[in-house]
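# Tertiary structure, described
Given next are the chains, with one letter for each unit.
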Amino acid sequence: MSETRKEGKYLCADFLAVIGVMMLLGLEYFKAVGFMEMPVTYDSALPIAGRWFCLSGAMLLSACTGYVLSTKRLSWRSVRPLFRLTYIYLVSSLGAMLMRRVIFDQYVTKEELINMLRDFTATDTAQFAGMYLVLLLFAPFLSAAFHELKTYNARLAFLAVTAGVSTLQPMIILSGRYLIPPWCKMLAPFAGFIGGAFVRKYAKNLPRIAYFFLLILLSGLQTAAIVYICTERGILCYPQFDSMATLPCLMMALLLLSLFHSEKKGDTPLHRFFSNASGGALAALIIGDTVIDFVLPSLWEYFPEQNKLLLAGLGAVPVIFILCCTVGIFAQIPVFLVRTLFEDNEYEEDDEDEEDETDVPEEVSPAPVPDKPKPLRKLEPLKEVPVREVPVTVAKKYPSRDMTMPLKSVKEEDTGSFPIPEPMPAPIALAATEEIESIPLAEPVYTPAQEPKPATLDEILEQQGIPVHSDSIDDLIAKITSGE
């Protein structure tokens with residue numbers, strides 16, 4: 001399936017794209033009303049803040065483009081939207097020139113028509129269509145360069161260098177001369193694209209309240225500086241800030257995108273509504289300039305005061321956008337039919353590919369075979385040694401100090417028999433032999449000492465060195481009594 005059918009659309013990007021187009025139409029409304037020729041006072045702070053906010057519309061469109069396309073790679077699907085946008089641009093530009101021919105009686109020759117279409121000058125807002133087409137052409141290369149940088153600091157430096165070269169060009173003026181070449185200002189959409197990719201990657205690092213506070217702070221400081229400078233001059237003249245390719249405009253666009261940042265995709269009715277609205281926004285951007293010029297005389301009749309006319313623009317611009325966007329969507333019906341035909345074929349091919357993937361397993365490259373390990377020695381179970389009862393002599397006298405008792409000196413009639421304990425585990429059983437010579441006693445057995453028997457008279461006489469006859473005492477007594 002295609003990515004759109006699988007994942008849906010970014011609601012935040014489509015919503016901000018619609019807001020960005022309305023901001024650019026609001027900027028054209030300020031120009032048509034003649035706000036630039038009005039005298040500036042401290043009461044002009046609110047309109048000045050609104051006009052400067054509308055100046056950020058082009059950068060906001062670039063940032064939304066980078067937010068959505070920063071992960072796309074160069075392929076047929078990344079180039080295919082160019083055909084649709086080219087069709088929208090041609091049809092909308094021709095329609096705007098036809099309206100000017102009918103309403104304002106402006107006639108152009110064929111050569112002028114070709115030159116206007118080539119240079120994106122059919123209307124004042126047609127140049128933004130050219131900016132968008134150029135961004136689509138360079139989107140895969142900018143995305144690859146951004147993602148090739150792996151660290152946060154490297155990507156921030158990439159954004160800072162691009163923004164410094166492009167957005168500082170209108171602001172750095174010395175003695176009426178620009179220090180940076182004017183062509184560098186044409187790189188400002190690239191800085192917006194890279195900024196959108198940066199927001200998508202790192203906007204979650206700060207809470208939304210922080211982005212809202214920074215947005216209000218930046219708007220307030222910018223408005224205060226412009227009011228202070230222009231009030232002294234009496235006219236709205238500040239060339240350092242009166243450009244869409246300035247650093248404050250880029251910062252405003254990135255803060256807005258960070259405030260509404262959301263990576264979730266969806267296919268709900270709300271997602272589809274803003275997706276269709278953003279699709280017709282390019283046509284509204286090209287045609288809206290002509291419609292504003294057509295509607296403005298009627299607004300002058302109802303709101304003769306200029307302050308009220310500026311406030312009326314808050315309602316007139318969204319209505320003009322909705323009307324032009326509706327016309328742009330109807331003009332794209334042939335594109336929708338052709339795209340539906342091609343997408344159905346792609347869906348069928350994708351479904352067949354999925355079925356093939358389920359039937360045929362993917363080829364897996366064989367894993368590298370490690371070096372053959374050396375064979376391990378085969379472990380064989382130990383032979384069981386038969387255990388038999390061995391007679392052990394129970395000593396009647398003092399036991400020997402030796403902990404072993406030889407079996408050969410033991411007689412069966414003087415011994416008692418008792419079973420030998422169970423064999424020990426395998427490491428100890430390895431020392432056993434088939435014929436056991438001695439059995440170690442677990443603990444020495446001590447018997448109490450026996451009292452010695454009283455010594456006899458012969459033993460006493462022998463100890464004193466007196467010869468003892470072999471006759472016994474009874475024989476000696478019998479000899480004495482008999483007179484021998």
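A brief structural summary. (Residues numbered from 1 in each chain as written. Predicted model: local features only at pLDDT ≥ 70, side-chain atom pairs only at ≥ 80, totals over all residues. Heavy atoms only, no water.)

## Considering unusual backbone geometry
Apart from glycine, the bulk of residues carry a negative phi angle, and the bulk of peptide bonds sit in the trans form. The backbone of Asp105 shows a phi angle near 60 degrees, a positive value even though the residue is not glycine. Of note, Asp105 is situated in the loop between helix 6 (81-103) and helix 7 (110-119). Phi at Phe120 is positive, roughly 55 degrees, even though this residue is not glycine. Inspection of the secondary structure puts Phe120 in the loop between helix 7 and helix 8 (126-148). (Helix = DSSP H or I, 4+ residues; strand = E, 2+ residues; numbered from the N terminus.)

## So, the packing of aromatic side chains
In this structure the tally under the stated criterion is eight aromatic pairs. Ring centres 5.6 Å apart and planes at 55 degrees place the aromatic pair Phe15 and Phe260 in the tilted group. Taken together, the residues span a long stretch of sequence, with Phe15 in helix 2 (residues 11-33) and Phe260 in the loop between helix 12 (247-259) and strand 4 (265-266) at a distance of 245 residues. By relative accessible area, which is 37% here, Phe260 ends up partly exposed. With 5.5 Å between their ring centres and 45 degrees between their planes, Tyr152 and Phe198 make a pair best called tilted. Of this pair, Tyr152 sits in helix 9 (residues 152-167) while Phe198 sits in helix 10 (residues 188-202), placing them 46 residues apart in sequence. The exposure class of Tyr152 is partly exposed, given its relative accessible area of 37%. Overall, the relative accessible area of 12% leaves Phe198 in the buried class. The side chain of Arg155 reaches across the aromatic face of Phe146, ending 5.1 Å from its centre. Between the NZ or CZ atom of Arg200 and the centre of the ring of Tyr67, over which it lies, the distance is 5.9 Å. (Phe/Tyr/Trp six-rings, centres within 6.5 Å; stacked < 30°, edge-to-face > 60°. Buried < 20%, exposed > 50% of the residue type's maximum accessible area, 1.4 Å probe, protein only. Lys NZ or Arg CZ within 6 Å of the ring centre and 35° of its normal.)

## A look at the packing of helix 4 (residues 57-69) against helix 12
Interhelical geometry of helix 4 versus helix 12 gives an angle of 50 degrees and a closest axis separation of 8 Å. Judged by the inter-axis angle, helix 4 sits oblique to helix 12. Of the two elements, helix 4 crosses helix 12, and the hand of that crossing is right-handed. In this structure, helix 4 uses Met59, Leu60, Ala63, Cys64 and Tyr67 to contact helix 12, whose residues at the interface are Cys249, Leu250, Ala253, Leu254, Leu256 and Leu257. Class assignment of the residues belonging to the contact of helix 4 with helix 12 gives a composition of 11 nonpolar, no polar and no charged. (Axes fitted to C-alpha atoms, helices over the stretch in contact; angles between N-to-C directions. Parallel < 35°, antiparallel > 145°, perpendicular 65-115°, else oblique. Left-handed = near helix turned anticlockwise from the far one by under 90°. Contact = heavy atoms within 4.5 Å. Nonpolar A, V, L, I, M, F, W, Y, C, P; charged D, E, K, R; others polar.)

## What about empty space enclosed by the protein?
Scanning the entire structure with this criterion turns up one cavity of 30 Å³ or more. Computed from the structure, the largest cavity encloses a volume of approximately 30 Å³. Taken together, Tyr87, Ile88, Val91, Ser92, Ala283, Gly328, Ala331 and Gln332 make up the full set of residues lining the largest cavity. Considering each element in turn, the lining of the largest cavity owes the most residues, four residues, to helix 6. When the residues that make up the lining of the largest cavity are grouped by side-chain class, the tally is five nonpolar, three polar and no charged. (1 Å grid on protein atoms, 1.4 Å probe; cavity = no way out; pocket = protein on both sides within 12 Å on 5 of 7 lines; lining within 4 Å. Points joined across faces, edges and corners; volume = space filled by probe spheres on them.)

## Some thoughts on the nonpolar core
Core analysis: the biggest nonpolar cluster contains 73 residues, and Tyr29, Ile226, Leu236 and Phe321 have the highest contact counts within it. For this core, the element with the highest residue contribution is helix 2, accounting for 13 residues. Beyond its immediate chain neighbours, meaning those up to four positions away, Ile226 contacts Ile48, Trp52, Thr231, Leu236, Tyr238 and Phe241. Counting residues in each nonpolar core, the second largest holds 21 residues, with Ile88, Leu142, Phe193 and Leu282 among its members. (Core = buried A, V, L, I, M, F, W, Y, C linked by side-chain atoms within 4.5 Å.)

## Comments concerning the environment of Asp293
Locating Asp293 in the fold gives a position in helix 14 (residues 281-302). Owing to a relative accessible area of 26%, Asp293 belongs among the partly exposed residues under this scheme. Sequence separation between Asp293 and Tyr29 is 264 residues; the distance between their C-alpha atoms is 8.5 Å. Setting aside residues up to four positions removed in sequence, Asp293 forms contacts with Ala32, Arg100 and Phe104.

## Examining helix 6
For helix 6, which comprises 23 residues, the first-to-last C-alpha distance of 32 Å matches the rise-based estimate of 33 Å (1.5 Å per residue) to within 8%. Among all positions of helix 6, only Leu82, Leu85, Ile88, Tyr89, Ser92, Ser93, Ala96, Met97 and Arg100 are buried. (Expected span 1.5 Å × (residues − 1).)

## Remarks on a nonpolar patch on the surface
A cluster of nonpolar residues, Leu98, Val102, Ile103, Phe104 and Phe294, forms a patch on the protein surface that exposes about 480 Å² of accessible area. For the nonpolar patch, the leading source of residues is helix 6, giving three residues. The exposure class of Val102 is exposed, given its relative accessible area of 64%. (Patch = residues over 30% accessible without salt bridge, like charges linked within 9 Å, V, L, I, M, F, W, Y side chains within 5 Å. Areas by Shrake-Rupley, 256 points an atom, 1.4 Å probe, with all protein chains shown as cover. Salt bridge = Lys/Arg side-chain N within 4 Å of Asp/Glu carboxyl O.)

## Describing the pattern of salt bridges
Scanning the entire structure with this criterion turns up five salt bridges. Close ionic contact of Lys31 with Asp124 constitutes a salt bridge, the shortest N to O distance being 3.6 Å. With Lys31 in helix 2 and Asp124 in the loop between helix 7 and helix 8, this residue pair connects regions lying 93 residues apart in the sequence. Two residues, Asp242 and Arg51, come together in a salt bridge whose shortest N-O distance is 3.1 Å. One end of the pair, Asp242, is in the loop between helix 11 (208-233) and helix 12; the other, Arg51, is in helix 3 (residues 45-55), and 191 residues separate them in sequence. Since its relative accessible area comes to 31%, Asp242 is described here as partly exposed.

## Some details on helix 8
Relative to the 33 Å expected for 23 residues at 1.5 Å per residue, helix 8 spans 33 Å between its end C-alpha atoms, a close match to the ideal helical length. By the largest-angle criterion, Phe138 marks the main kink of helix 8, which is about 50 degrees, and a proline, Pro140, follows within four residues. (Bend = angle between axes of the 7 residues up to and from the residue.)

## What about the packing of helix 4 against helix 8?
Two numbers describe how helix 4 lies on helix 8: the axes approach to 10 Å, and their chain directions differ by 35 degrees. Helix-helix and strand crossings are classified by hand; for helix 4 and helix 8 the assignment is right-handed. Across the interface between the two elements, Ala58, Leu61, Ser62, Thr65 and Leu69 of helix 4 pack against Phe128, Met131, Tyr132, Leu135, Leu136, Ala139 and Ser143 of helix 8. Partitioning the contact of helix 4 with helix 8 into residue classes produces nine nonpolar, three polar and no charged.

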